[in-house]
Amino acid sequence: MKFLDQAKVYVRSGNGGGGAISFRREKYVEFGGPNGGDGGRGGDVIVECVDGLNTLIDYRYQQHFKAGTGTHGMGSNRTGPDGKDVVLKVPVGTQILEEDNETLIADFTEVGQRAVLLRGGNGGFGNAHFKSSTNQAPRRANPGQEGTEKWIWLRLKLIADAGLVGLPNAGKSTFLSAVTAAKPKIADYPFTTLHPGLGVVRIGAREFVLADIPGLIEGASEGAGLGDRFLGHVERCGALIHLVDATAEDIVSAYRTVRHELEAYGHDLETKEEILALNKIDAVPPEELAEKKAALEKASGGEVLTISGATGENVEKVLYGVLEILDHNADNATRDANAEPAEKWEP
C-alpha cells in the first residue's frame, strides 16, 4: 500500500427538496384544501475517524464527494425523504484544514470521532404550511435551500510517542528495525526512507510507538531534498531521538544542521526533549569515537550516548531514556489537569 499523508478533496452538501403545491379535490368529500408536503432535507458531509486505516490513499483516486439531494414534497401532505449523507473515513491523526491549508477545522485523535463539515440545505415548505383563516387556498411553496461546497485539505500526522530524526544515512531505519518488528528498507545510500514508518517498541513490561521519518538535509525547510513536510509526523511525539552518524567527518555540523531545520520548521519541535546519540560506533576506532563524543557534547551542551543499531550496543539506554521522558510528560500533564484553578478575588 502506498503511503499518502496529504490530499485535497472537494465536498458538497445536498440541496433541500422543494415543497409541493397540491389540493385535495375528491367528489363527495368536503373540507378539501391545500395538502402539499414539505421537501426533504439535503444530506450532510461528515468526517469520521475509523480504525484499520493508516494512510489517505483512498483520496488519491476519488477527490469529489457530494451528499444526496432531498426529495421534493408530494400531495396528501407527504414530506420528501432526506438526502443521503456522505461520510469521509479517515485514520487516527488526521487533520481537516480549509483550502488555504492553514486554518484548522478539526483534529481527529481517537477512533469514533465524528464532525459535520457541511450541513445539507433545508427542505422547502409545501403550500399546506401557508394555509390560514385568511388564505385558505395558498398557491405558493418554497424551493429547497441549496447546499454548500468547499475544498478542504486532509493531512495525516502519525500518532507516535517518540520520533527518530537525523541526516540521511544516519542509521534511523536500522535502529527502527532493531528495536521493533517493522521492516523498513535499509541500504547504504542516503534517502532510502521515502515515507514515514511506525513500529512498536517493547522494553521490559512497557511499550511505546516509534516513528521514523525521512532524513533532513541543509535547506530542508526551503524544500531541499525531501523537504520538511514529514516533520509533521513528529509534532505529536513526546520525545525525539536524534541520531548522528559517528562515521561522518564533521559530526558537529551534522548535529547543528538538523537542529536548525527543526527550529526553522517551528511548531515547538525545537523545544521537545531530545536524546542525542552517536550511531554506528562499531565502525569507528575507540580513540576517534572519544574525540567525536567530546566534541558533540560540547556543541550540544548535554549528554551524548554512543550506540550501534546494527549490533544493538547501548540501544536499551536510549529506549529507557525515552520511557523516562514519556513518564515525566505524563506526570506533568496529570499535575496540570489536577491543579486547582486560582480562586477568584472579590473585594
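Definitions and cut-offs
- Residues numbered from 1 in each chain as written.
- Predicted model: local features only at pLDDT ≥ 70, side-chain atom pairs only at ≥ 80, totals over all residues.
- Heavy atoms only, no water.
- Axes fitted to C-alpha atoms, helices over the stretch in contact; angles between N-to-C directions.
- Helix = DSSP H or I, 4+ residues; strand = E, 2+ residues; numbered from the N terminus.
- Left-handed = near helix turned anticlockwise from the far one by under 90°.
- Contact = heavy atoms within 4.5 Å.
- Nonpolar A, V, L, I, M, F, W, Y, C, P; charged D, E, K, R; others polar.
- Pairing = 2+ DSSP bridges.
- Buried < 20%, exposed > 50% of the residue type's maximum accessible area, 1.4 Å probe, protein only.
- Polar contact = N/O pair within 3.5 Å; in protein donor to acceptor, adjacent residues only side chain to side chain.
- Salt bridge = Lys/Arg side-chain N within 4 Å of Asp/Glu carboxyl O.
- Phe/Tyr/Trp six-rings, centres within 6.5 Å; stacked < 30°, edge-to-face > 60°.
- Lys NZ or Arg CZ within 6 Å of the ring centre and 35° of its normal.
- Expected span 1.5 Å × (residues − 1).
- Arc of directions from axis to C-beta.

**Student:** Can you help me understand the packing of helix α3 (residues 251-265) against helix α4 (residues 286-300) in this one?
**Tutor:** Relative orientation and spacing of two packed helices are given, respectively, by the angle between their axes and the distance between those axes. Put simply, α3 and α4 touch, their axes get as near as 9 Å, and they point 35° apart. In this structure, α3 crosses over α4, and the sense of that crossing is right-handed. Contact with α3, carried on its side by Ile-251, Val-252, Tyr-255 and Arg-256, involves Lys-292, Ala-295, Leu-296, Ala-299 and Ser-300 of α4 and no other residues of that element. Classifying every residue of the contact of α3 with α4 gives six nonpolar, one polar and two charged.

**Student:** Would you mind showing me how to read the sheet that holds strand β11 (residues 162-165) here?
**Tutor:** Sheets are built from strands paired through backbone hydrogen bonds, the pairs being either parallel or antiparallel. In space, the six strands of this open sheet follow the order β12-β13-β11-β14-β15-β16, with mixed pairing throughout. Two strands lie at the open edges of the sheet, namely β12 (197-203) and β16 (304-306), each paired on one side alone. If you compare each strand with its neighbour and ignore which way they point, the axes differ by 30° on average. The sheet contact formed by β11 and strand β14 (residues 239-245) spans four bridges and is parallel. From the neighbouring strand, Gly-163 faces β14, where its bridge partner is Leu-240. Its contacts with the sheet place α3 against β11, β14 and β15 (273-279), and it is angled at close to 145° to β14.

**Student:** It is not clear to me how the environment of Asp-100 should be interpreted in this structure. Could you clarify?
**Tutor:** Here Asp-100 is to be found in the loop between β7 (94-97) and β8 (104-107). Judged by relative accessible area, Asp-100 falls into the partly exposed class, the value being 44%. For the pair Asp-100 and Trp-153, spaced 53 residues apart in sequence, the C-alpha separation works out to 8.4 Å. A polar contact is formed between the side chain of Asp-100 and the side chain of Thr-103, at a distance of 2.8 Å.

**Student:** Sorry, what's going on with the side chain of Asn-35 here?
**Tutor:** Tracing the chain through its elements places Asn-35 in the loop between β3 (33-34) and β4 (45-49). Judged by its relative accessible area of 10%, Asn-35 falls in the buried class. At 2.8 Å, the side chain of Asn-35 forms a polar contact with the side chain of Ser-22. Not counting residues up to four positions away in its chain, the partners in contact with Asn-35 are Ser-22, Phe-23, Arg-24, Met-74, Gly-75, Ser-76, Asn-77, Asn-127 and Ala-128.

**Student:** It is not clear to me how the pattern of salt bridges should be interpreted in this structure. Could you clarify?
**Tutor:** Here the idea is simple: oppositely charged side chains can pair when their charged atoms come close. The tally for this structure, following the rule as stated, stands at 13 salt bridges. Among the ionic pairs, Asp-327 bridges to Arg-206, the shortest N-O distance being 2.8 Å. Separated by 121 residues along the polypeptide, Asp-327 in helix α5 (residues 315-338) and Arg-206 in strand β13 (residues 206-212) bring together distant segments of the chain. On the accessibility criterion, Asp-327 (30% relative accessible area) is partly exposed. Of the residues examined, Arg-206 reaches a relative accessible area of 38% and is grouped as partly exposed.

**Student:** Even after reading the chapter, I still don't get unusual backbone geometry, so can you show me in this structure?
**Tutor:** For Asn-169, which is not glycine, the phi torsion reads 70° and is therefore positive. Tracing the backbone shows Asn-169 in the loop between β11 and α2 (172-179). Non-glycine residue Asn-314 carries a positive phi angle of around 60°. Within the secondary structure layout, Asn-314 lies in the loop between β16 and α5.

**Student:** Even after reading the chapter, I still don't get the packing of aromatic side chains, so can you show me in this structure?
**Tutor:** When we look at a pair of aromatic rings, we describe it by the centre distance and by the angle of the planes. The final tally for this structure, using the stated rule, is three aromatic pairs. Lys-8 extends its terminal NZ or CZ atom over the ring of Trp-151, reaching a point 5.4 Å from the ring centre. Here the basic side chain of Arg-140 rests over the ring of Phe-130, its NZ or CZ set 4.0 Å away from the ring centre.

**Student:** Looking at this structure, I do not really get α4. What am I missing?
**Tutor:** Count 3.6 residues to each turn of an α-helix, and residues three or four apart come out pointing the same way. The end-to-end C-alpha distance of α4, which contains 15 residues, comes to 21 Å, matching closely the 21 Å that a straight helix rising 1.5 Å per residue would cover. For α4, every residue scored as buried is listed here: Leu-289, Lys-292 and Leu-296. Taken around the axis of α4, the buried residues stretch over an arc of 70°, which confines them to a single face. Opposite the packed face of α4, turned more than 90 degrees from it, sit the exposed residues Glu-287, Glu-291 and Lys-298. Contact partners of the buried residues in α4: β14, α3, β15 and β16. Where α4 ends, the next residue or the one after it, Gly-301, has phi of about 75°, a positive value.

**Student:** What is the right way to read the environment of Val-200 from this model?
**Tutor:** Within the fold, Val-200 resides in strand β12. With sequence-adjacent residues up to four places away left out, Val-200 is seen in contact with Val-179, Thr-180, Glu-207, Phe-208 and Val-209.

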